[in-house]
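Remarks on the overall topology
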Amino acid sequence: MSVGVSTSAPVSPTSGTSMSMPAFSLVDYVVFVLLLVLSLAIGLYHACRGWGRHTVGELLMANRKMGCLPVALSLLATFQSAVAILGVPSEIYRFGTQYWFLGCCYFLGLLIPAHIFIPVFYRLHLTSAYEYLELRFNKTVRVCGTVTFIFQMVSRMRDKNVASMLTVTGFDLWLSVLALGIVCTIYTALGGLKAVIWTDVFQTVVMFLGQLAVITVGSAKVGGLGRVWAVASQHGRISGFELNPDPFVRHTFWTLAIGGVFMMLSLYGVNQAQVQRYLSSRTEKAAMLSCYAVFPFQQVSLCVGSLIGLVMFTYYQEYPMSIQQAQAAPDQFVLYFVMDILKGLPGLPGLFIACLFSGSLSTISSAFNSLATVTMEDLIRPWFPEFSEARAIMLSRGLAFGYGLLCLGMAYISSQMGPVLQAAISIFGMVGGPLLGLFCLGMFFPCANPPGAIVGLLSGLVMAFWIGIGSIVTSMGSSMPPSSTNGSNFSLPTNLTVATATTLMPLTTVSKPTGLRRFYSLSYLWYSAHNSTTVIVVGLIVSLLTGRMRGRSLNPATIYPVLPKLLALLPLSWQKRLHCRSYGQDHLVDTGVFPEKPRNGVLGDSRDKEPMALDDTAYQGSSSTCILQETSL
């Protein structure tokens, strides 16, 4: 079944009724406060432990001694958090289970970073992912990548998760934002990455407990999970494979399974917040295992969110929404549902709000920490290498605190951006896609040069915002509100544009756009694929026109040998026919002439390189030869 053409209405609200929301009990407030107190306590513990003996490496990289399980849970919490908790159930409630097929992209979306990006980054002993860009291209490309990332992460704070939950629950906005900001900023600035990772672990547990409480109570009130499935099937909410290859259809199997891979790569492959966690692992193998461990957690998170959506749909078939609830913004549906089913159960509403605030804390703290890291390593240390360790630690903490104030301020004053799930992923698609393309251009194409990288990145950003802003402007230009296809009096929010509304309600009468309007209707899940491809194509063209890497040194450690890796999969007899042969050590390049991991942000000679914890020998024997052969192409 195609989600975009479903004919059943999500709700059948009663008319002329209004509903007063149940107030929080003292127990609910206690549960919520406990979340903040325990998060702060974990951060302060790691901040006070060894106080006065902290180094920049410990603050920014947790001394590169983290295990794979806490890193995996932190990876999960960083980008799923409140967006998934609010967005996925609302998506399933309105459109059915088609979105669940996004889980098909998780395998490749995590396998590729584990075997391509992590080995390259880890063996270069980086702190910031954008140090790679200087090793591969030059300092200008590194600065461009860093500035783009800063814009990406600051923009990501422009969601209204906190405002939405406060509107529904009656929490005081200023008090809650202030409490969230103080707690998050203190443990991030003082405790560093280790505090962020361990608070992420605690907050991930809280998130799952809150969601399980909703599923347990909700399914019990509607007659069990069997009835939930039966009602959802009866109303067409259990989706099958939609194999329409049209990239302009919002959700199809191909859009979710293939377009989603590029979205996952932009998140888990090259984003500093994730790369920083990989590089904090004890060994390269531990970093790869943490990426593998995210896969089952991601699947469980997606299934739990989908199940909440189905339980919510079944509940509101029996107990219709009030007018007030039906006219709420989509990311508030789950909150109203939780307050409906958990009223009279002291502590459980507080647990779910703690679950949502855990999501916000994990996302915001990761943003603060990664922004402070790239600013320190990419924008400050290269220009002021004489900074002492004590001054560098103080400045790093000051940067985390400053970004905390900036991002929380933006979160408070930002205007509504439509459904929270699609808005957050669209922002990452618009800016994360070009960054993914830039790293792929450098890693997979040895002929790419700095001019090609810069022009390609700028072209990708222009294309990204052209499509993104064009779709918004086109949406705002629509004037006729959509109507429900089955005659129900479900009301759409008055503060939503028509195009946003068309993503909230399944329609069958809307005519297909043509020309540029059709171009602007590209599914948001294809943004990353389209924009990263633009960077690669334009970057290669410019590189070929400007003489490729002629006259420039190329560090083989910055190249992933795609062709040799593919040829190595062939039978030995085929390799001999294709004249694939190994070379001895006399053909290896002296990597001492190439700059390596910078100390104090300044690239130095590889002879000064710090020892790394590797699980196997990198780039030896035939592998190095393959890199050189591919570089010469």
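Position numbers for residues start from 1 in each chain and track the written sequence from start to end. Reporting of local features is limited, given that this is a predicted model, to residues whose pLDDT is at least 70; pairs of side-chain atoms are given and counted only at 80 or more, and all residues count toward the totals for whole chains, interfaces and linings. Only hydrogens and water are set aside when side-chain values are computed; all heavy atoms of the structure are taken into account.

Here's the deal with the overall build of the protein chain
Each helix and strand counted, the protein chain has 25 helices and zero strands in total. Burial classes: relative accessible area under 20% of the type maximum marks a residue as buried, over 50% as exposed, and values in between as partly exposed (1.4 Å probe, protein chains only). Taking all 633 residues of the protein chain together, 59% fall into the buried category. Contacts are assigned to residue pairs that have any heavy atoms within 4.5 Å of one another. Long-range pairs, those at least 24 residues apart, make up 86% of the contacts in the protein chain with a sequence separation of at least 6. We get accessible surface area from the Shrake-Rupley algorithm with a probe of 1.4 Å; when it comes to residues, only the shown protein chains can shield them. Entry remark: accessible area of the protein chain is about 24,600 Å², with carbon and sulfur atoms responsible for 66%. For helices the rule is a DSSP run of H or I covering at least 4 residues; for strands it is a run of E covering at least 2, with both sets numbered from the N terminus onward.

Structural notes on a nonpolar patch on the surface
Residues enter patches when their relative accessible area tops 30% and they take part in no salt bridge; the joining distance is 9 Å for like charges and 5 Å for the nonpolar side chains Val, Leu, Ile, Met, Phe, Trp and Tyr. For this analysis, a salt bridge means a side-chain nitrogen from Lys or Arg found within 4 Å of a carboxyl oxygen belonging to Asp or Glu. Taken together, the side chains of Leu-26, Val-30, Leu-34 and Leu-38 define a hydrophobic patch exposed on the protein surface, amounting to about 370 Å² of accessible area. Here Val-30 is to be found in helix α1 (residues 26-48). By relative accessible area, Val-30 is classed as partly exposed at 42%.

Structural notes on the pattern of salt bridges
Taken as a whole, this structure holds eight salt bridges when the rule is applied. A salt bridge links Glu-91 to Arg-250, with the shortest nitrogen-to-oxygen separation between them at 2.9 Å. With Glu-91 in helix α4 (residues 81-95) and Arg-250 in the loop between α10 (225-234) and α11 (253-268), this residue pair connects regions lying 159 residues apart in the sequence. Salt-bridge contacts for Asp-200 lead to Arg-277; the nearest nitrogen and oxygen are separated by 3.5 Å. Taken together, the residues Asp-200 in helix α9 (residues 173-222) and Arg-277 in helix α12 (residues 272-279) connect sequence positions 77 residues apart. Since its relative accessible area comes to 0%, Asp-200 is described here as buried. A single salt-bridge network, built from bridges that share partners, covers Glu-91, Arg-94 and Arg-250.

Thoughts on the packing of aromatic side chains
Aromatic rings from Phe, Tyr and Trp, with only the six-membered ring used for Trp, were paired whenever their centres fell within 6.5 Å, and each pair was classed as stacked if the ring planes differed by under 30 degrees, edge-to-face if by over 60, and tilted otherwise. All told, the structure shown has 24 aromatic pairs when counted by the stated rule. When the centroid spacing of 5.6 Å and the interplanar angle of 70 degrees are considered together, the rings of Trp-100 and Phe-101 count as edge-to-face. Note on Phe-101: relative accessible area 8%, which makes it buried. Members of the aromatic cluster, joined through ring pairs, are Phe-117, Phe-121, Tyr-130, Tyr-132, Phe-149, Phe-439, Phe-444 and Tyr-560. Geometrically, a charge over a ring is one whose NZ (Lys) or CZ (Arg) sits within 6 Å of the ring centre while staying within 35 degrees of the ring normal. The positively charged end of Lys-139 is found above the aromatic ring belonging to Trp-383, 5.0 Å away from the centroid.

As for α10
Within the sequence span of α10, burial applies to Val-228, Val-231 and Ala-232. Around the axis of α10, the buried residues are gathered within 100 degrees of arc, so they sit on the same side. What points out from α10, more than 90 degrees from its buried face, is the exposed set Gly-226 and Gln-234. Taken from the residues just after α10, Gly-236 is the one with a positive phi, measuring 75 degrees. For this quantity, the arc is that covered by the directions from the helix axis to the C-beta atoms.

Structural notes on unusual backbone geometry
The backbone of Ala-62 shows a phi angle near 55 degrees, a positive value even though the residue is not glycine. As for its position among the elements, Ala-62 is in the loop between α2 (56-61) and α3 (68-79). Taking relative accessible area as the criterion, Ala-62 reaches 0% and is therefore assigned buried. At Arg-548, a position not held by glycine, the phi torsion is positive, near 50 degrees. Turning to its location among the elements, Arg-548 is positioned in the loop between α22 (527-545) and α23 (562-567).

Regarding the environment of Ser-521
Within the secondary structure, Ser-521 sits in the loop between α21 (516-520) and α22. Since its relative accessible area comes to 25%, Ser-521 is described here as partly exposed. Between the C-alpha atoms of Ser-521 and Gly-468, which are 53 residues apart in sequence, the distance is 9.4 Å.

Concerning the packing of helix α5 (residues 106-123) against α12
One way to put it is that α5 packs onto α12 with a least axis distance of 10 Å and a crossing angle of 65 degrees. Here α5 and α12 pass one another in a crossing that is right-handed. From α5, Ile-118, Phe-121 and Tyr-122 reach across to α12, where they touch Val-275, Tyr-278 and Leu-279. For this classification, the nonpolar set comprises Ala, Val, Leu, Ile, Met, Phe, Trp, Tyr, Cys and Pro, the charged set comprises Asp, Glu, Lys and Arg, and every other residue, Gly included, is treated as polar. Each residue belonging to the contact of α5 with α12 can be placed in one class, and the counts come to six nonpolar, no polar and no charged. To get an axis, a line is fitted to the C-alpha atoms, and for a helix only the part in contact is used. The angle between two axes follows their N-to-C directions and goes from 0 to 180 degrees. Here is the rule for handedness: rotate from the far helix to the near one, and if that takes an anticlockwise turn smaller than a right angle the crossing is left-handed, while a clockwise turn gives right-handed.

Concerning the environment of Phe-107
The topology assignment puts Phe-107 in helix α5. In this structure, the C-alpha to C-alpha distance between Phe-107 and Met-264, residues 157 residues apart in sequence, is 9.6 Å.

Digging into the side chain of Ser-290
Note on placement: Ser-290 falls in helix α13 (residues 284-318). Relative accessible area serves as the criterion here: at 0%, Ser-290 is assigned to the buried category. Excluding residues within four positions of it along the chain, Ser-290 makes contact with Cys-68, Val-71, Ala-72, Leu-75, Tyr-278 and Ser-281.

Focus on the side chain of Gln-274
Positionally, Gln-274 belongs in helix α12. For the purposes of these results, a polar contact is taken to be a pair of N or O atoms within 3.5 Å, where, inside protein, one atom must be able to donate a hydrogen and its partner to accept one; residues adjacent in sequence count only when each atom of the pair is a side-chain atom. A distance of 3.4 Å separates the side chain of Gln-274 from the backbone oxygen of Leu-75, its partner in a polar contact.

A word on the packing of α11 against α22
Interhelical geometry of α11 versus α22 gives an angle of 70 degrees and a closest axis separation of 7 Å. Compared by their axis directions, α11 and α22 come out roughly perpendicular. Between α11 and α22, the contacting residues are Phe-262, Met-263 and Ser-266 on the first element and Ser-528, Ala-529 and Ser-532 on the second. Grouping the amino acids of the contact of α11 with α22 by side-chain chemistry returns three nonpolar, three polar and no charged. By definition in this entry, angles of less than 35 degrees are roughly parallel, angles greater than 145 are roughly antiparallel, angles of 65 to 115 are roughly perpendicular, and the rest are oblique.

Structural notes on the confidence of the model for the protein chain
Taken as a whole, the protein chain shows an average pLDDT of 77; of its residues, 74% reach a score of 70 or greater. At the level of individual helices and strands, the protein chain shows its lowest average pLDDT in helix α20 (residues 498-504), which scores 32, and its highest in helix α6 (residues 131-136), which scores 94. Under a pLDDT of 50 for its full length, residues 1-20 has, in the predicted model, 64 contacts with residues more than four places off or in other chains. Per-residue confidence from the predictor is reported as pLDDT, which spans 0 to 100. In the predicted structure, residues 605-633 sits below a pLDDT of 50 and forms 66 contacts with residues beyond four places in sequence or in another chain.

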